[in-house]
Amino acid sequence: MTTLTDPPKASFRLSMLIYDTRYRSLTIQAVAMIGFMLLAAWLINNTMTNLETLGKTPQFGFLLEPAGYDINQRLLDYNSQDTHMRASLLGLLNTLLVAVMGCITATVIGVLVGVLRLSKNWIVAKIMTVYVEMFRNVPVLLWIVLAMAILIESLPAPRAFRGENPEATMNLFDTVAVTNRGIYVPEPLFSNSLGNIHLLGQSSLRFDVSVDLIAILIVFGLSIFGITKVNARAKRIQEATGDRPNTLWTNLGLFFVPTGILLAALGFHLGYPELKGFNFKGGTHMRNSLIALWLALSLYTAAFIAEIVRGGILAVSHGQTEAANALGMRPGRTMRLVILPQALRVIIPPMISNYLNLTKNSSLAIAVGYMDITGTLGGITMNQTGRELETVLMLMLCYLTISLSISMVMNWYNNRVKLVER
Amino acid sequence: MSDVSFVRTEMLPEKEPPGSSVGVIGWMRANLFDGVINSILTILSLIFCYFVLEGLLSWTFQSVWNASSLTECREVMVATWGKTHGHACWAVINDRWLQLLYGFYPPYPAEAGVNFGEGTGSWPAYFRPNLSFVLLLIAVAPVLFDKLPRKLLIVTAVYPFLMPWLMWGGSLWGPLMVAAGFGIGLLAYRLLTPVIGGLGGIIVAIALPVIWWLFLVGSVAAGLESVVSISIPEVESRKFGGFMLSILIGVVAIGCSLPIGIVLALGRQSDLMIVKTLCVGFIEFIRGVPLITLLFVASVLLNIFLPPGTEFDIILRVLIMVTLFASAYMAEVVRGGLAALPKGQYEGADSLGLNYWQSQRLIIMPQALKISIPGIVSTFIGVFKDTTLVSIIGLLDPLGLSNAIRADAAWNGIYWELFAFIAFLFFVFCFGMSRYSMYLERKLHKGH
């Protein structure tokens, strides 16, 4: 005879915290948490004690004091009487400027090199391989200082442009001056300008917005919107009747005419650089430090992007192309509908992390004297005010914000294109 | 009906392929002049190569090797070729290569007060860093190539304790006693496990060495040193420089970051919420900021975080920060490997009844690490290249030294030769590493 008994009621004993896998994870986490808290408390306690001894209790008031140093490459107005906060803001903008410029050029060069490396032409492929290996295996800092040295040492000085028979001449129909003090390019000017809107008054974060630019953007945006509407209508007609109306001329007209009329109305013209006295005046001056940093970062990152693009294209198996051909697809469509979507899934995530690396590497600007945020906040401001803790924390915070926003974009993309498994 | 046959009845002998499709000509037709666009590209590339090589080769090989200053170099150039540009002045490398390799590390380290003259001493110049480097190669070799005798692994185990002693000098008892800590831990585990059970044994085996390292090592080593003195002259950290410094930082960061990175990756993949959050926070923080800000922390802030009065030298602080930096990247690479394993592997390990550590050690890690080899090596390369950043906080790595050399009146204004030399050495190391990773990938590729 058998009797059914309830399983013995599990009573909780202390040893189960260690030996029972159900509770052990709780124990481990509690220990980890306590350990982390102790460590953090110890570090903070040390920091407070040390800072008190040094007489530097953390405060951020120094940000509102006059900076007293100049920033030569800048996107907003600034003078040395402005605050440290404004200097940092300009530094941040400079970081973003070189990062965006670098990402665009690096992508263009990288895609080109990556595709050419797969070329059937032996010598082209080998040249690209040499380029990639050369840039990937030498530190980026070396490339940056090398680019700076090349610009300073090998380009003509402004005075070489003077005289009846100058040693150097301006490029591109006398519009661009390449000198060892930087490159002068034409700047857009408006003779009937609508003026600027001053935002945020006289505070450290003030900035001016050009009404001309806004007007141009609005008109151009409307044109693009019109073009999409025209295309949508063409598609509707095509689906209803089978004939697609010719939209080329309408689209071209919409693209150029409204913006062109607006530009003409605003009196758009280019301000060319001119040699006056010992230096060029007029035009937009891109300093050597910016150019060197931009060039070096683009070429360096392009080498990595080239490898990513090459890998991405190789990762799509040849069977896909063959299958598309078997379905009767033309090569262009095969590329656009079959190969690229699959290659991009492989290419885009590492590409974005390379953009991130480029942005972080732009902090090496300090080696050539480009005033990015590391140069202003982490460089001169830190040295002048002696507020190491605050400045380094703010610096890290700025970079963290940039990086985390980029990673968020990347995670969103990864989740969208992820292959669904069980 | 005629018996004229229109079909050949016997086989013809095979013919040679046409001359235009085999050999050099065939190869060139297939790879260089295949169509109009390709031909144009080939010709343009050849012209480009000609100009680059022409300039580069004459610059490199028609050069001055013996001169004591840039001015003298230029005089020789004018005397020989009639112009100064287009010719390298390798004399600067000839003059300063020892500095570029070793920084200001003394060739014959001596105790303070003892005066060794040039070329004296019982050992060859730079004996200690050179021996460290050779031992490094020996220590790394059995890890890299599994055909070598396993006994060499002893060198690998000893090296982490031997290298600091050789480089910084001082008493041998310090590193010996630090190594003894591991012995104490092992001994405690062996002896105590039968007495107080497995878990208690592990806890004691971790706690005892930590106590030993934190509180006892210094005094015991000093005591032993006063009884039996085994010491060599000390070298201060600020004398370290050149490629020696780059390799030192690179090797330490690479060596320490792999284990830390694996632990962080496991933490990030684990189900324990708090552990996971801590690991994610650490990894994302380190990866989100540039190395240069971490080096700022090393140079100005790290001493503030530590108990008042703690002073340790800048190289050690930089080593700590670079290691942390590398581990975060390593963790992401290893995590990629872990994530790339098919779920079946984890489930298979579970169904065999293996516990967490067993399944990690026997099933997951070998495969995950194999998948992540390219990433691991490219992280290594990245870390090694990033060691140049220490020049920004004032350490004398090759780039920092190149500025120092240029500050000398004799070599003021010399750029290309120094940069070329530094770039060449970095290229050799990094290219070598990437080739090794490709070799390893091929070797470990067990698929079909």
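Residues numbered from 1 in each chain as written. Chains lettered and ligands numbered in written order. Predicted model: local features only at pLDDT ≥ 70, side-chain atom pairs only at ≥ 80, totals over all residues.

Remarks on the overall build of chain A
- The secondary structure content of chain A amounts to 12 helices and nine strands.
- On C-alpha atoms alone, chain A measures out to a radius of gyration of 30 Å, which is more than a quarter above the 22 Å that the 2.2 N^0.38 rule sets for 422 residues.
- Across its three principal directions, the C-alpha atoms of chain A cover 115 × 80 × 50 Å.
- For chain A, buried positions account for 28% of its 422 residues.
- For chain A, contacts bridging at least 24 residues in sequence account for 63% of all contacts bridging at least 6. (Helix = DSSP H or I, 4+ residues; strand = E, 2+ residues; numbered from the N terminus. Rg over C-alpha atoms; globule rule 2.2 N^0.38 Å. Buried ≥ 20, exposed ≤ 12 C-beta atoms within 10 Å, placed from the backbone. Contact = placed C-beta atoms within 7 Å.)

Quick notes on the overall build of chain B
- When helices and strands are counted, chain B shows 16 helices and two strands.
- The C-alpha atoms of chain B give 30 Å as radius of gyration, which overshoots the globular expectation for 448 residues (22 Å, by more than 25%).
- Principal-axis analysis of the C-alpha atoms gives chain B an extent of 110 × 75 × 40 Å.
- Looking at chain B as a whole, 29% of its 448 residues are labelled buried.
- Pairs at least 24 residues apart make up 69% of the contacts formed inside chain B by residues separated by at least 6 positions.

Examining the sheet that holds strand β1 (residues 177-179) of chain A
Residues and elements named next belong to chain A.
- An order of β1-β2-β9 is seen for the three strands of this open sheet, with the pairing classed as antiparallel. Since the sheet does not close on itself, it has two edges, and those belong to β1 and β9 (284-286), each with one partner. Direction aside, the axes of adjacent strands within the sheet are offset by 15° on average.
- As paired strands, β1 and strand β2 (residues 182-185) are joined by three bridges and run antiparallel to one another. (Pairing = 2+ DSSP bridges. Axes fitted to C-alpha atoms, helices over the stretch in contact; angles between N-to-C directions.)

Notes on helix α10 (residues 331-361) of chain A
All names here are of chain A.
- The end-to-end C-alpha distance of α10, which contains 31 residues, comes to just 39 Å, noticeably less than the 45 Å that a straight helix rising 1.5 Å per residue would cover.
- The principal kink in α10, of about 45°, is found at isoleucine 339, preceding the proline proline 341 by one to four residues.
- Those residues of α10 that fall on the buried side of the exposure criterion are Ile347, Met351, Asn354, Tyr355, Leu356, Leu358, Thr359, Lys360 and Asn361. (Expected span 1.5 Å × (residues − 1). Bend = angle between axes of the 7 residues up to and from the residue.)

Concerning the nonpolar core
- In terms of nonpolar packing, the biggest core is built from 146 residues, with Trp143, Ile144, Leu293 and Ala296 of chain A together with Cys89 and Leu295 of chain B touching the most fellow members.
- Shared between two domains, this core holds at least three residues of each, these being domain 1 (25-91) and domain 2 (100-169 + 241-444) of chain B.
- Those residues in contact with isoleucine 144 of chain A, other than ones at most four positions away along the chain, are Ala292, Leu293, Ala296, Leu364, Ala367 and Val368 of chain A.
- Counting eight residues, the second-largest nonpolar core is a separate cluster that includes Trp165, Leu166, Met177 and Ala221 of chain B. (Core = buried A, V, L, I, M, F, W, Y, C linked by C-beta atoms within 7 Å. Domains from an automatic or database assignment.)

Overview of the interface of chain B and chain A
- Facing 42 residues of chain B, the contacting portion of chain A comprises 46 residues.
- Among the elements that make up the side of chain B that touches chain A, the one with the highest residue count is helix α10 (residues 291-305) of chain B (eight residues).
- Split by residue class, the side of chain B that touches chain A holds 33 nonpolar, seven polar and two charged. (Nonpolar A, V, L, I, M, F, W, Y, C, P; charged D, E, K, R; others polar.)

Quick notes on the packing of helix α9 (residues 273-288) of chain B against helix α11 (residues 314-340) of chain B
Residue and element names in this part refer to chain B.
- The geometry of α9 relative to α11 is characterised by a closest axis approach of 9 Å and an angle of 115° between their N-to-C directions. Between α9 and α11, the angle falls in the class roughly perpendicular. Regarding α9 and α11, the two cross each other, and that crossing is left-handed. Contacts from Phe282, Ile283, Ile286 and Arg287 of α9 reach α11 at Leu324, Phe325, Ala328, Tyr329, Ala331 and Glu332.
- Its residues assigned to classes, the contact of α9 with α11 shows eight nonpolar, no polar and two charged. (Parallel < 35°, antiparallel > 145°, perpendicular 65-115°, else oblique. Left-handed = near helix turned anticlockwise from the far one by under 90°.)

Notes on the confidence of the model for chain B
Residue and element names in this part refer to chain B.
- Mean pLDDT over chain B stands at 86; residues scoring 70 or higher make up 96%.
- Below pLDDT 50 for its whole length, residues 115-119 participates in three contacts with residues either more than four positions away or in separate chains.
- Among the prediction metrics, the complex's ipTM stands at 0.87, with pTM recorded as 0.87. (pLDDT = per-residue confidence, 0-100.)

Details of the domain arrangement of chain B
Residues and elements named next belong to chain B.
- In terms of domains, chain B is made up of domain 1 (25-91), domain 2 (100-169 + 241-444) and domain 3 (170-232).
- With centres defined by C-alpha atoms, the gap from domain 2 to domain 3 works out at 26 Å.
- Each partner contributes to the interface: domain 2 provides five residues, whereas domain 3 provides six residues.

What about the packing of helix α6 (residues 211-241) of chain A against helix α7 (residues 248-266) of chain A?
All names here are of chain A.
- Where α6 meets α7, the axes come as close as 9 Å, and the angle between the chain directions of the two elements is 165°. As summarised for this structure, α6 and α7 are arranged roughly antiparallel, according to the angle between their axes. By crossing handedness, the relation of α6 to α7 is classed as right-handed. Counting all contacts with α6, which are made through Asp212, Ala215, Ile216, Val219, Phe220, Ser223, Gly226, Ile227 and Val230, the residues of α7 involved are Thr250, Asn251, Leu254, Phe255, Pro258, Thr259, Leu262 and Leu266.
- Here the residues of the contact of α6 with α7 are counted per class, giving 11 nonpolar, five polar and one charged.

Describing the environment of glycine 55 of chain B
Residue and element names in this part refer to chain B.
- One can find glycine 55 in helix α2 (residues 36-61).
- Judged by the 11 C-beta atoms lying within 10 Å of it, glycine 55 falls in the exposed class.
- The spatial distance from the C-alpha of glycine 55 to the C-alpha of glycine 86 is 7.1 Å, given a sequence separation of 31 residues.

Digging into α11 of chain B
- The end-to-end C-alpha separation of α11 of chain B is 39 Å, in line with the 39 Å expected for 27 residues at 1.5 Å each.
- Among the 27 residues in α11 of chain B, 19 count as buried, and that is most of the element.

Thoughts on the environment of asparagine 121 of chain A
- For asparagine 121 of chain A, the position within the fold is in the loop between α3 (84-117) and α4 (122-136).
- For asparagine 121 of chain A and serine 11 of chain A, which are 110 residues apart along the polypeptide, the C-alpha to C-alpha distance reads 76 Å.
- When sequence neighbours within four positions are dropped, the list of residues in contact with asparagine 121 of chain A reads Asn31, Leu32, Asn38, Leu41 and Thr42 of chain B.

Notes on the environment of glutamine 81 of chain A
Residue and element names in this part refer to chain A.
- Inspection of the secondary structure puts glutamine 81 in the loop between α2 (21-54) and α3.
- The exposure class assigned to glutamine 81 is exposed, which follows from the 9 C-beta atoms found within 10 Å.
- Spatially, the C-alpha atom of glutamine 81 lies 69 Å from that of threonine 241, the residues being 160 residues apart in sequence.

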